[in-house]
There are 2 protein chains.
Amino acid sequence: MKPPETFFHSRLFRGLGNEELADLTAICQRRRISAGEQLIKQHSTAQNVYVVVSGTLMIERLSRSGRRQVIAFAYSGDYIGFTNTEEYEYSVVSLRETELQSFVRREFLALVDQSSTLKANARQIGGNVLAQTLDQLFALGQKKAHERLCFLLAQIGRRQCGTQNADIELIMSRQDIADYLGLTIETVSRAFARLKSMKLIEIVSAHRIRILDNAILEELASVH
Amino acid sequence: MKPPETFFHSRLFRGLGNEELADLTAICQRRRISAGEQLIKQHSTAQNVYVVVSGTLMIERLSRSGRRQVIAFAYSGDYIGFTNTEEYEYSVVSLRETELQSFVRREFLALVDQSSTLKANARQIGGNVLAQTLDQLFALGQKKAHERLCFLLAQIGRRQCGTQNADIELIMSRQDIADYLGLTIETVSRAFARLKSMKLIEIVSAHRIRILDNAILEELASVH
DNA sequence: CGTCTATTTGAGCATAGTCAACCGACGTGG
DNA sequence: CCACGTCGGTTGACTATGCTCAAATAGACG
């Protein structure tokens, strides 16, 4: 039995035997959500885990006072809901039509228990989530506005490098970027202008950026 | 066989049977490090996990450019090195004489695999680490200097509430606080002065703060 | 072509950073 | 015992970065 092809492009399923893949397939549900739809509501009980097949999601956190912190953007192959707490700590909304694989968390964890490969993969994913959050923490704590923007652009660039040329597509709005980097939209806009004047990027359109000097961009973005 | 008393005050060991505790005791090493000593070096391979018995540790991250982000302070009962990656993402240094329980990571993970209670506990700890990091991320992204300081004071206050009165002890230096909150020492100092003038705190000495109005402090600190 | 929304730009302001002086605690050595 | 130096912390003056408010512009879409 050959598992669906989409299973393969995700790190979660790397190195699994056919039997393990069959078990996963058995508990895997397909789900498709449209742009702007909410997948996970902050403080709801964590009942599912998801793998993004296609599309883009935004993970965010809202405070009582209405302030918002965007935690991450998730693309094809990313994992959602791999929380170790019983409640989701964040909301997840889609930025455009998104296709997902959905697993009941309890069933998924049971399978993870049975397969050492799957366990290692899941552990690695959890580690990457934390590592990525620590990178962002460093950027917010130590970097100036234009450097934070480089951090985001470099991150997206790395994600999309295989897909095409040096152009990157920014699916999210300026407000989303601002809330991700701990800035205002105006400052984000000025940061774009600054990187443009530094000849690091070209602003093809508001949502399409061309990287002109990736080395310096990465240097400014660097958190190591 | 009664396990050593120190095992009990840590969430990691909650609800374990005597046999599980005996297994843990068998692989547990005691370690004592003095103030300023480094326990973990950034980018070294993750070979051990630790539980703090007494003392205080600081978890930090250094970049090539010399900038530093303090990630957390760890006190009695906290866990160190519960990374899911093969390398430590951070350094850990002690702020004062510190006593630790040390486990070989591989052996520890093997025991975790065998005990569902221990597994649940370890998972919860991982979740708390991420939750705490997300709180800090929110504070750095969305809060002003004096609010960030409230965030730290409230956090330490909650930690120490059982121990004594409303006084809290700040073991770390102003520079450590600054690098934790993404500020400079001067701004931290002014933030202290501001909270004092707001009558939220009393500065008994540079490293001893008395909370005068915990409700407002918590309100300013709140990330929810 | 007009309307709506997202984004950019500008002017002024507030917050935090920089640089420098100062203060107080502590320890050393005369 | 006191003068001196060091270190960590505070305070002040000035600067720069980013925020606020407002206006202009650019697309998207009917």
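- Under an unreviewed UniProt entry, the name given to chain A is Crp/Fnr family transcriptional regulator, and the source organism is Microbulbifer agarilyticus.

### Concerning the side chain of arginine 68 of chain A
Next up, step 1: In this structure, arginine 68 of chain A sits in strand β5 (residues 68-74).
Next up, step 2: A distance of 2.8 Å separates polar atoms of two side chains, one belonging to arginine 68 of chain A and the other to aspartate 176 of chain A.
Next up, step 3: A distance of 2.6 Å separates the side chain of arginine 68 of chain A from the side chain of aspartate 179 of chain A, its partner in a polar contact.
Next up, step 4: If near-sequence neighbours (up to four positions away) are discounted, arginine 68 of chain A is found in contact with Met58, Glu60, Arg61, Leu62, Gln175, Asp176 and Asp179 of chain A together with Phe138 and Gln142 of chain B.

### Here's the deal with the UniProt feature "domain: Cyclic nucleotide-binding" (unreviewed entry) in chain A
Next up, step 1: Here the UniProt-annotated "domain: Cyclic nucleotide-binding" (unreviewed entry) positions come out as residues 12-81 of chain A.
Next up, step 2: The straight-line gap between the two end C-alpha atoms of residues 12-81 of chain A is 13 Å; of that span, 14% is helix and 43% is strand.

### What about the sheet that holds strand β7 (residues 91-94) of chain B?
What links the strands of a sheet is backbone hydrogen bonding, and the strands pair in either a parallel or an antiparallel sense.
All names here are of chain B.
Next up, step 1: As summarised here, the arrangement of the four strands in space is β2-β7-β4-β5, forming an open sheet in which the pairing is antiparallel. Looking along the sheet, the strands with just one partner apiece sit at the ends: β2 (38-40) and β5 (68-74). Strand-to-strand twist of the sheet, defined as the mean angle between neighbouring strand axes without regard to direction, takes the value 30 degrees.
Next up, step 2: Where strand β4 (residues 57-62) meets β5, six bridges bridge the pair, whose relative direction is antiparallel. Following the sheet pairing, leucine 62 is matched in β5 by arginine 68.

### Some details on the environment of valine 92 of chain B
All names here are of chain B.
Next up, step 1: Tracing the sequence through the fold places valine 92 in strand β7.
Next up, step 2: Remark: the alpha-carbon pair of valine 92 and leucine 39, spanning 53 residues in sequence, is separated by 5.4 Å.
Next up, step 3: For valine 92, the contacting residues outside a window of four places in its chain are Glu37, Gln38, Leu39, Ile40, Leu57, Met58, Ile59 and Ile80.

### Observations concerning the protein's contact with DNA strand C
Next up, step 1: By nearness alone, 15 residues border DNA strand C, and Arg174 and Ser189 of chain A together with Ala145, Thr187 and Arg190 of chain B come closest of all.
Next up, step 2: The protein-proximal atoms of DNA strand C, defined as those within 4 Å of the protein, are 67% sugar or phosphate.
Next up, step 3: Taking histidine 207 of chain A, its side chain carries an N or O atom lying 2.9 Å from a phosphate oxygen of DNA strand C.
Next up, step 4: Glutamate 186 of chain B places a polar side-chain atom, nitrogen or oxygen, 3.0 Å from a base nitrogen of DNA strand C.

### Regarding the protein's contact with DNA strand D
Next up, step 1: What surrounds DNA strand D is a group of 15 residues, the closest being Ala145 and Thr187 of chain A together with Arg174, Ser189 and His207 of chain B.
Next up, step 2: At the protein interface, 67% of the atoms of DNA strand D within 4 Å belong to sugar or phosphate.
Next up, step 3: Side-chain polar atom of arginine 174 of chain B to a phosphate oxygen of DNA strand D: 2.8 Å apart, as the coordinates give it.
Next up, step 4: Here a phosphate oxygen of DNA strand D and a side-chain polar atom of serine 189 of chain B are 2.9 Å apart.
Next up, step 5: Among the secondary structure elements, those contributing two or more residues to the surface near DNA strand D are α6 (185-197) of chain A together with α6 (185-197) of chain B.
Next up, step 6: Its residues assigned to classes, the surface near DNA strand D comprises three nonpolar, six polar and six charged.

### Some points on the interface of chain A and chain B
Next up, step 1: Taken together, the contacts link 39 residues of chain A with 40 residues of chain B.
Next up, step 2: Carbon and sulfur atoms supply 55% of the area that chain A and chain B bury against each other, a total of about 3,700 Å² over both sides.
Next up, step 3: Counting across the interface, chain A meets chain B through eight salt bridges.
Next up, step 4: Joining chain A to chain B, the criterion identifies 15 residue pairs in polar contact (both at pLDDT 80 or more).
Next up, step 5: Only β5, α2 (105-114) and α3 (116-142) of chain A provide two or more residues apiece to the side of chain A that touches chain B.
Next up, step 6: When residues in the side of chain A that touches chain B are grouped by element, the largest group, 17 residues, is from α3 of chain A.
Next up, step 7: Considering only residue class, the side of chain A that touches chain B consists of 11 nonpolar, 15 polar and 13 charged.

Procedures and definitions
- Residues numbered from 1 in each chain as written.
- Chains lettered and ligands numbered in written order.
- Predicted model: local features only at pLDDT ≥ 70, side-chain atom pairs only at ≥ 80, totals over all residues.
- Heavy atoms only, no water.
- Helix = DSSP H or I, 4+ residues; strand = E, 2+ residues; numbered from the N terminus.
- Polar contact = N/O pair within 3.5 Å; in protein donor to acceptor, adjacent residues only side chain to side chain.
- Contact = heavy atoms within 4.5 Å.
- UniProt positions renumbered as here; feature names shortened; annotations may be inferred.
- Pairing = 2+ DSSP bridges.
- Axes fitted to C-alpha atoms, helices over the stretch in contact; angles between N-to-C directions.
- Near = heavy atom within 4 Å.
- Nonpolar A, V, L, I, M, F, W, Y, C, P; charged D, E, K, R; others polar.
- Buried area = accessible area lost by both parts, 1.4 Å probe.
- Salt bridge = Lys/Arg side-chain N within 4 Å of Asp/Glu carboxyl O.

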